[in-house]
Amino acid sequence: MEDVEKFLSLYKTYEGLLKKRGTDYRTVEAETASDRMTILRQIRNYLSHKEDPGFLTVSPLSIRFLESLIEEELRRDGLVRDHLISPAKGSIKEGALLSEAIYLLVKDRADSRPVYDPKAKMLKGILSLEQLAKALKKHGDVPVSEAVCGRYGQDIVLIKPEDGAGAVTVPEIGYACCTKNGTATAQYLGYLSRNEVGL
């Protein structure tokens, strides 16, 4: 029942955000032609109007999808700097133990994360959970490095802190990463959340 309550609360939050902007769920659903949005609306209607406990369950994937819709809506206004996930909170530190990096990804149910050099404060690339797990199996619990994990991915869109957050397209694979001036050699400031579950 806890998942159902969370789902209904998130759905209501999302509807409220859409209403603030002068639209509604069905309009966005039609504009995006999202099958997932259609199913979520149907689940919400059933759970809200039928007393039928246990017949229909809400998956963690459905909850994460709704959370990503809310994040996307919140990001429509404001600047990139207002919506960043800081390096300390969400990125892998080069030099951290492999087990720490794996824990970060598993805890967040993520398939990858940006990697940064904490001393130079520079973005290094992207590491996947698979790369980390393979490195742990092969080398044991050693510090994260490109020599241990293999070449970091470069599926990165670079953005500046003063860019409009709503104008940034967060890639489905990879990350929209922010540096002080939008270049790869500038100080890494964090990344915009991306939809981990696919829209």
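Residues numbered from 1 in each chain as written. Predicted model: local features only at pLDDT ≥ 70, side-chain atom pairs only at ≥ 80, totals over all residues. Heavy atoms only, no water.

Caption draft 1: Examining the overall build of the chain more closely. Of the regular secondary structure elements, the chain holds 8 helices and 7 strands. Each principal axis of the C-alpha distribution contributes one length, and for the chain these read about 55 × 40 × 25 Å. Evaluated residue by residue, the chain yields a buried proportion of 39% over its 199 residues. Put simply, of all contacts in the chain between residues at least 6 apart along the chain, 58% involve residues at least 24 apart. Put simply, the chain has 29 plus and 29 minus side-chain charges, and the middle of one group is 3 Å from the middle of the other. (Helix = DSSP H or I, 4+ residues; strand = E, 2+ residues; numbered from the N terminus. Buried < 20%, exposed > 50% of the residue type's maximum accessible area, 1.4 Å probe, protein only. Contact = heavy atoms within 4.5 Å. Lys, Arg positive; Asp, Glu negative; His and termini not counted. Charge placed at Lys NZ, Arg CZ, Asp CG, Glu CD.)

Caption draft 2: Up close: the nonpolar core. Counting 19 residues, the largest nonpolar core has F7, Y14, Y25, M37 and L66 as the members making the most contacts within it. For this core, the elements supplying multiple residues, two or more each, are α1 (2-20), α2 (25-32), α3 (35-49) and α4 (60-74). Considering each element in turn, this core owes the most residues, 7 residues, to α1. If we ignore the near neighbours within four places in the chain, the residues touching M37 are Y14, Y25, V28, E29, T32, F65 and L69. Membership of the second largest hydrophobic core comes to 15 residues, among which are L104, L105, L132 and A135. (Core = buried A, V, L, I, M, F, W, Y, C linked by side-chain atoms within 4.5 Å.)

Caption draft 3: Examining helix α6 (residues 98-107) more closely. Buried within α6 we find L98, A101, I102, L104 and L105. Viewed end-on, α6 has its buried residues packed into an arc of 155°, placing them on one side of the element. Facing away from the buried side of α6 by over 90 degrees, the exposed positions are Y103 and V106. Buried residues belonging to α6 abut α5 (87-90), β2 (92-93), β3 (112-117), β4 (122-128), α7 (129-139) and α8 (146-149). (Arc of directions from axis to C-beta.)

Caption draft 4: A look at the sheet that holds β3. If you walk across this open sheet you meet the 3 strands as β2-β3-β4, and the pairing is mixed. Edge positions in the sheet fall to β2 and β4, since each of these pairs with one other strand and no more. Sitting on the sheet, α7 is in contact with β2, β3 and β4, with an inclination near 80° to β4. (Pairing = 2+ DSSP bridges. Axes fitted to C-alpha atoms, helices over the stretch in contact; angles between N-to-C directions.)

Caption draft 5: Representation of the packing of aromatic side chains. Counted by the stated rule, this structure contains 6 aromatic pairs. When the centroid spacing of 5.9 Å and the interplanar angle of 90° are considered together, the rings of Y14 and Y25 count as edge-to-face. With Y14 in helix α1 and Y25 in helix α2, this residue pair connects regions lying 11 residues apart in the sequence. Neither residue differs from the other here; Y14 and Y25 are each classed as buried. A network of ring pairs unites the aromatic residues F7, Y11, Y14 and Y25 as a single cluster. (Phe/Tyr/Trp six-rings, centres within 6.5 Å; stacked < 30°, edge-to-face > 60°.)

Caption draft 6: Just α2, in detail. Every buried residue of α2 is listed here: Y25, V28 and E29. The arc that holds the buried residues of α2, viewed along the axis, is 105°, so those residues lie on one side. Among the exposed residues of α2, those pointing more than 90 degrees away from its buried face are R26, A30 and E31. Those residues of α2 hidden inside the fold are in contact with α1 and α3. Looking one or two places after α2, you find A33, whose phi comes out positive at around 50°.

Caption draft 7: Looking closely at the pairing of strand β7 (residues 188-192). The buried fraction of β7 is high, at 4 of 5 residues. With 2 bridges connecting them, strand β1 (residues 84-85) and β7 associate as antiparallel partners. Looking at β7, one finds that L84 is bridged to L192.

Distances and angles like these do not, on their own, reveal function.
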